[in-house]
Amino acid sequence: MFVLITYDVSIIDAGGTKRLRNVAKTCENYGQRVQNSVFECLVDPAQFIMLKNKLLNIIKPDKDSLRFYHLGKNWKRRVEHYGVKPAYTQEEPLIL
């Protein structure tokens with residue numbers, strides 16, 4: 001499944017910067033950053049449950065915001081990209 005994850009973590013209070021960094025690092029383990037607080041993740045249902053639980057344990061719901069957009073199996077028809085950052089398909093092999 002293809003999931004778009006967006007978040008807004010308050011850095012005003014103590015620990016906010018650490019929460020922000022932990023949310024970003026957790027998302028990086030499952031997908032690619034496409035904008036500052038936006039990640040595209042191609043995961044199976046079990047991976048999504050683990051990712052969601054990890055993120056929910058990091059944020060403070062009374063101060064932070066976390067959103068999941070489920071784009072499903074036909075996500076390629078739903079995503080258009082224009083601009084500076086080159087897009088890559090997560091299904092293609094990644095050669096380093």
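Look above for the structure.
All values reported here derive from a predicted model rather than from experimental measurement.

## Re the pairing of strand 3 (residues 38-42)
(1) Moving on: Across the 5 residues of strand 3, 4 count as buried, placing the element largely inside the fold.
(2) Moving on: Pairing analysis gives 5 bridges linking strand 1 (residues 2-8) to strand 3, with the strands arranged antiparallel. Paired with valine 3 across the two strands is cysteine 41, which belongs to strand 3.
(3) Moving on: Hairpin connection from strand 2 (residues 31-35) to strand 3: 2 residues lie between these consecutive antiparallel strands.

## Concerning the side chain of aspartate 13
(1) Moving on: Tracing the sequence through the fold places aspartate 13 in the loop between strand 1 and helix 1 (16-28).
(2) Moving on: Classification of aspartate 13 by relative accessible area gives buried; the value is 19%.
(3) Moving on: Polar side-chain contacts of aspartate 13 include one of 3.4 Å to the side chain of arginine 19.
(4) Moving on: Not counting chain neighbours up to four residues away, the residues in contact with aspartate 13 comprise Arg19, Lys60 and Lys63.

## A look at the packing of helix 1 against helix 2 (residues 45-58)
Helices that pack against each other are described as a pair by the angle of their axes relative to one another and the distance between those axes.
(1) Moving on: Put simply, helix 1 and helix 2 touch, their axes get as near as 10 Å, and they point 175 degrees apart. With respect to helix 2, the axis of helix 1 lies roughly antiparallel. Of helix 2, the residues touching helix 1 (which contributes Arg19, Asn22, Val23, Thr26 and Cys27) are Leu51, Lys54, Leu55 and Ile58.
(2) Moving on: Its residues placed into classes, the contact of helix 1 with helix 2 shows 5 nonpolar, 2 polar and 2 charged.

## Side note on the pairing of strand 2
Regular strands have side chains that alternate between both faces of the sheet.
(1) Moving on: Two strands pair when backbone bridges link them, and strand 2 and strand 3 are joined in this way by 4 bridges, in the antiparallel orientation. Looking at strand 3, one finds that arginine 33 is bridged to phenylalanine 39.

## Concerning the nonpolar core
(1) Moving on: In this structure, Ile5, Tyr7, Val23 and Leu55 are the most contacted members of the largest nonpolar core, which totals 18 residues.
(2) Moving on: Of all elements in the fold, only strand 1, helix 1, strand 3, helix 2 and strand 4 (65-72) reach the threshold of two or more residues within this core.
(3) Moving on: Top contributing element to this core by residue count: helix 2, with 4 residues.
(4) Moving on: When near neighbours in sequence (up to four residues on either side) are disregarded, tyrosine 7 contacts Leu20, Val23, Ala24, Cys27, Arg33, Asn36, Ser37, Phe39, Ser65 and Leu66.

Scoring rules and cut-offs
Residues numbered from 1 in each chain as written. Predicted model: local features only at pLDDT ≥ 70, side-chain atom pairs only at ≥ 80, totals over all residues. Heavy atoms only, no water. Buried < 20%, exposed > 50% of the residue type's maximum accessible area, 1.4 Å probe, protein only. Helix = DSSP H or I, 4+ residues; strand = E, 2+ residues; numbered from the N terminus. Pairing = 2+ DSSP bridges. Polar contact = N/O pair within 3.5 Å; in protein donor to acceptor, adjacent residues only side chain to side chain. Contact = heavy atoms within 4.5 Å. Axes fitted to C-alpha atoms, helices over the stretch in contact; angles between N-to-C directions. Parallel < 35°, antiparallel > 145°, perpendicular 65-115°, else oblique. Nonpolar A, V, L, I, M, F, W, Y, C, P; charged D, E, K, R; others polar. Core = buried A, V, L, I, M, F, W, Y, C linked by side-chain atoms within 4.5 Å.

Honestly, it's all geometry; don't read function into it.
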